[in-house]
Amino acid sequence: MICDKTKRLSNTERAKAIVAKLSLEEKVFLMGGNKSVEEIFADIMEGKEGAHYNDSPYDAGGIEEANIPAMKFCDGPRGVVCGVGKATCFPVTMARGASFDKELEKKIGSAIGKEVRAFKGNTFAGVCMNLPYNPGWGRSQETYGEDSFHIGEMARELALGVQDENVVACIKHYAFNQMEFARFNVSVTCSKRTEREVFLPHFKKLIDAGAASVMSSYNKYEGVHCGHSDYLLNQVLNNEWDFDGFVMSDFVWGVRDTVEAANGGQNIEMCSTQFFGDKLVKAVEDKLVPESKIDEAALRIVRTLITFEEAYNSQKPVDPSIIGCKEHVALALQSARESLTLIKNEEVLPFAKDKTKKIVVLGKLGNKENIGDHGSSQVYPSYVVTPFKGISEVAKNAEVIFNDGVDLQHAKELAQSADAVVFVVGYNFDDEGEFVSENETDGYTMSMGGDRLSLELHDDEIELLNSVGPVNKNSCAVVIGGNTIMTESWKNSVSSILLAYYPGMEGGTAIGEVLMGKVNPSGKTPFVIPMKEEDLPQVDWHADEQFYEYYHGYAKLDKEHKECSTPYGFGLSYTTFAVSDAEFSADSNNINATCTVENTGEVDGTEVVQMYVGYSHSKLDRPVKTLKGFERVSLLAGEKKTVSISCPIEEIAYYNEELKEMVVENMEYELFIGSSSAEEDLIEGQLTIKEK
Amino acid sequence: MNNFIFETIEHSKKLPLKAFTTSIDYSTFHWHFEYEIILVLRGSITVTKATRSIVCNQGDLMLINSKTFHEIRNCSSDNLCALIQIEPSFFRDFKDPSLRYSFILEGSRCEDSENEEAYSKIRENIASIILSSNMKTNASQFKILSNLYAMISTFHESIPHDICSDNNSLENNAVESRLANMLNNLNENYQDENVLMKLYEKCGMSEKTIYRFFKENLGESPYETLNKIRVEKAKRMLNTSKLSIVVIAERCGFGTENTFYRNFKKIIGVTPNSYRNNGMTVRHNPSIQGYLSFSKSNATALLKSYIKTK
């Protein structure tokens, strides 16, 4: 990474000199978006054909005469939101989370970074890393999963990949943004330990890794809008974590008060200047905001942007033909292949190539171009391969028939006549996604979405699965959706289940390849699927105030000894793997685990080896275990490899409320290594840690 | 392949369809590439597709998708149907022509559906097409086309459907052509008492395999199919010749007079003799099998009743 923190800080004096020459008005100009709310709505509502939110980058600031570049904002995360029929649409972040592939995530980051530059942007605000407290959060498709460690590891690679291309990576939404309906008003509260151990560590990890920008969230934390939060922005982000880059607000409603926001540590009001601009100049003149606050914001903005722009300008510019190029689409396909997660397979998958002459694809989503929500993350690729189309393309020797499955009798007849039946069930942008209520605006992103009030499939889909599923044993349910979907009410009616998330423009191809055995599935659930929804923390999705408990997801089920339907980190393969010879050790900095993984089956495959740390000896209330490392290992049939995983000791620290810092307990820890978070998939060992 | 099995449908010049009204007596299993839509104007017919029989009454619509084996028989001798046979290219996906649509529009199912509005639009389109095809003006040709497009658009909007990839059309055609060959064989050799045994030998398949093959694709046994063909031939002879029942029984391959009587009664409902005595005299249209003559003015009146606006 050329534009890392060291490089940026080396420009401090130059940036200070530039800022020193600016008038107050000019400095404040840098702190606001240049596009009016009306212009943006006009783009969306009555603009030219195909125009949409963030059709081209949204600028903030920029003073040419002073050689200060504008911040040119491009949204994500499933690709670059700009343009129509051009950008590469990757699988949604949740799908990429399921691949547990850090290396690939970095490549995706780099591809996205190049496309941002090709669209003439310089900032990618698509490193979404909120932790869904409850999987019903409508935008959870934009994050990597339910585990803080995993989110941080994956998001870091994306951010580094983006910044490798001299594009500012903006991480979002800082913080506690995991409720959609209530996002503009809800005030989240939680204990300090919950804050520091569950909801903030992944953000800190990205700051430590050098992410250059942060987007504050809409919601409040402890009664204060996060975009105004002195605690979150000034104290934690800037002072404790020593952040050197700039903060921007979430769009239109992210800043609600000039003085509070500026003093709270907000640097750029996006995407329009409403509360900053003249009002902020006035507030400084009235001594309500110290000018030093403005100087600091300007310094952060200028230092970051000149570093990135100079680095970019010193190289050959990215050619616009890179947008949606073959290599990027191939990455999108690879990502889809790696993310598909097989959670049930009663010896039906892959479908036998020579015996499968007729495949019936059932369900309303079977032939839909379903790449995720229609909010700010919507990407407009040149094409999308639907599951039906993908299966038809891959199963070249079979007749493939699609029917929406509404007429159950007809669906049964089709299923009876087929050699294999594929149900495509789940959600689309209407069911979950970014949400703007009608009374907030006339339009904005025009998205439906919102949170899911139930984690079940639609009633008609459950009926389809339960009445048509048993007709043909050669069946698979392909499940589309951004987070946990309940399976207990129908899982016995089908012989196999493949989670597809929203698999991107080439998703249908990958689905076809996995079903027909051209690709061996290797994804792992980035969330737990409980037996009952009540086993997860409950959220009032329309609340004004919401308390977050310390436990959620698999940590909560583990702690309460509740059996789950599908464990966290779980996914089947067409081959089998054996994990053995586990060894655990620690040096002064790291916890290390090694094991041997052997492909004991007939076909090549990839296993995701996971390391968990257990805290049963703690005197405090701590989880049974949490994920602290993972590696993807590809093995030819019969091949054996040694896998080493390590993590910094600080990863196992807890927040000591008296000392107000993260502390590693001196005690014996359990260490686990294996193929999922389930007890039976893990080898256990012990390790004693004595800090310093 | 003779036109018994594979009905050749000749399109009128420049029009991608053929439209006409007819009374249907009986047409044994056959298939064609064209999509065939039937509107029952009067009486009722039974359509057997694959393995299911569906009775269509007055006002019912029945779509026979491309390459579907089907059999049509009359339920009431005075039935009158409007038929339109449409080029298959009209049922391709607009963006991706490798995908073909099969719409599910099946007679009695129409009644209990919420789709009545769509059905009445389709009926009106069919009526307009047929009424226009009696005229040869430029206006009528465009009217036919506009109604055809409108009808297909209604299909896409309101009629449940399957979308099929053409991947294994080779594979599929193998089944279809094998079935067509077998039906041809029966049709040509029905006089031979041992035609079935010879068919098994010729195909190199066991009786059981061919039985299963027929059951899967036509919903009936080879013996049942053969009997239908024989009875159909016998009907023609009864109607058009003065041959004795014994001779007809033999010429149709029934072997004994008893077998002929039993099978004829079972399929037609009356004995050969009473059929001969009371039966209609049929003027056969040589190019279209089993379609009977009818009164044109009557048909026009019925068709006009489906045209709402004027």
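Reading the values: the criteria
Residues numbered from 1 in each chain as written. Chains lettered and ligands numbered in written order. Predicted model: local features only at pLDDT ≥ 70, side-chain atom pairs only at ≥ 80, totals over all residues. Heavy atoms only, no water. Contact = heavy atoms within 4.5 Å. Buried area = accessible area lost by both parts, 1.4 Å probe. Salt bridge = Lys/Arg side-chain N within 4 Å of Asp/Glu carboxyl O. Polar contact = N/O pair within 3.5 Å; in protein donor to acceptor, adjacent residues only side chain to side chain. Helix = DSSP H or I, 4+ residues; strand = E, 2+ residues; numbered from the N terminus. Nonpolar A, V, L, I, M, F, W, Y, C, P; charged D, E, K, R; others polar. Pairing = 2+ DSSP bridges. Axes fitted to C-alpha atoms, helices over the stretch in contact; angles between N-to-C directions. Parallel < 35°, antiparallel > 145°, perpendicular 65-115°, else oblique. Left-handed = near helix turned anticlockwise from the far one by under 90°. 1 Å grid on protein atoms, 1.4 Å probe; cavity = no way out; pocket = protein on both sides within 12 Å on 5 of 7 lines; lining within 4 Å. Points joined across faces, edges and corners; volume = space filled by probe spheres on them. Buried < 20%, exposed > 50% of the residue type's maximum accessible area, 1.4 Å probe, protein only. Arc of directions from axis to C-beta. Domains from an automatic or database assignment.

### As for the interface of chain A and chain B
- Taken together, the 21 residues of chain A in the interface contact 17 residues of chain B.
- For the pairing of chain A and chain B, the buried interface totals around 1,400 Å² over both sides, and the portion due to carbon and sulfur atoms is 40%.
- Inspection of the region where chain A meets chain B yields four salt bridges.
- Salt-bridge contacts for arginine 52 of chain B lead to glutamate 413 of chain A; the nearest nitrogen and oxygen are separated by 3.6 Å.
- Summed over the shared surface of chain A and chain B, the number is six residue pairs in polar contact (both at pLDDT 80 or more).
- Looking at the side of chain A that touches chain B, the elements with two or more residues in it are helix 15 (387-394), strand 12 (399-403) and helix 16 (408-417) of chain A.
- At five residues, strand 12 of chain A tops the list of elements feeding residues into the side of chain A that touches chain B.
- Looking at the side of chain A that touches chain B residue by residue, the classes come out as seven nonpolar, six polar and eight charged.

### Here's the deal with the sheet that holds strand 26 (residues 667-674) of chain A
Residues and elements named next belong to chain A.
- A sheet is described by the order of its strands in space; here four strands give the open sequence 22-21-26-27, paired in antiparallel fashion. Strands with a single pairing partner mark the edges of an open sheet, and in this sheet they are strand 22 (625-635) and strand 27 (682-689). Neighbour to neighbour, the strand axes of the sheet diverge by 20 degrees on average, direction disregarded.

### Let's talk about the packing of helix 1 (residues 116-133) of chain B against helix 10 (residues 296-304) of chain B
Residues and elements named next belong to chain B.
- Contact geometry of helix 1 with helix 10 gives a least axis separation of 9 Å together with a crossing angle of 140 degrees. On the basis of the axis angle, helix 1 is oblique to helix 10. For the pair helix 1 and helix 10, the sense of crossing is left-handed. On the side of helix 1, the interface is formed by Ala127, Ile130 and Leu131, while helix 10 contributes Thr300, Leu303 and Lys304.

### Focus: the layout of surface pockets
Residue and element names in this part refer to chain A.
- If you add up the space inside the second largest pocket, you get close to 990 Å³.
- As for the second largest pocket, its lining consists of 45 residues, of which Arg196, Pro201, Glu650, Glu651 and Met662 are closest to the centre.
- Elements with a contribution of two residues or more to the lining of the second largest pocket: helix 7 (148-164), helix 8 (192-199), helix 9 (201-209), helix 19 (553-559), strand 22 and strand 25 (661-663).
- The element that contributes the greatest number of residues to the lining of the second largest pocket is helix 9, accounting for five residues.

### Notes on helix 2 (residues 12-20) of chain A
Residues and elements named next belong to chain A.
- Restricting attention to buried positions, one finds in helix 2 the residues Thr12, Ala15, Ile18 and Val19. End-on, the buried residues of helix 2 take up no more than an arc of 125 degrees, which puts them together on one face. The exposed set on the far side of helix 2, more than 90 degrees from its buried face, consists of Glu13 and Ala20.
- Looking at the buried side of helix 2, the elements it contacts are helix 1 (5-9), helix 3 (24-29) and helix 13 (291-313).

### Side note on the pattern of salt bridges
Residues and elements named next belong to chain A.
- Applying the stated criterion across every chain yields a total of 57 salt bridges over all chains.
- For glutamate 296, the salt bridge goes to arginine 300, with nearest N and O atoms at 2.8 Å. Taken together, the positions of glutamate 296 and arginine 300, both in helix 13 and four residues apart, correspond to about one turn of that helix.
- A relative accessible area of 29% places glutamate 296 in the partly exposed class.
- With relative accessibility at 7%, the residue arginine 300 sits in the buried group.

### So, the sheet that holds strand 2 (residues 26-30) of chain B
All names here are of chain B.
- The antiparallel open sheet is built from four strands, whose spatial order is 2-7-4-5. Strands at the two margins of the open sheet, each flanked by one partner only, are strand 2 and strand 5 (52-56). The sheet shows a mean angle of 15 degrees between the axes of neighbouring strands, taken without regard to direction.

### Re the domain arrangement of chain A
Residue and element names in this part refer to chain A.
- When cut into domains, chain A gives domain 1 (5-322), domain 2 (337-557) and domain 3 (575-689).
- Using only C-alpha atoms to locate each centre, domain 1 and domain 2 end up separated by 31 Å.
- Contact residues are listed per partner, giving 71 residues for domain 1 and 64 residues for domain 2.
- Together, the buried faces of domain 1 and domain 2 total about 5,700 Å²; carbon and sulfur atoms form 59% of this surface.
- Looking at the side of domain 1 facing domain 2, the largest losses of area belong to Tyr133, Glu146 and Phe181, adding up to 17% of the total buried there.
- Where domain 1 meets domain 2, there are three salt bridges.

### A closer look at the environment of leucine 408 of chain A
All names here are of chain A.
- One can find leucine 408 in helix 16.
- Residue classification places leucine 408 among the partly exposed positions, given a relative accessible area of 23%.
- Distance from leucine 408 to leucine 465, taken between C-alpha atoms, is 9.9 Å for residues 57 residues apart in sequence.
- Ignoring sequence-local partners within four residues, the contact set of leucine 408 consists of Glu463, Leu464, Ser467 and Val468.

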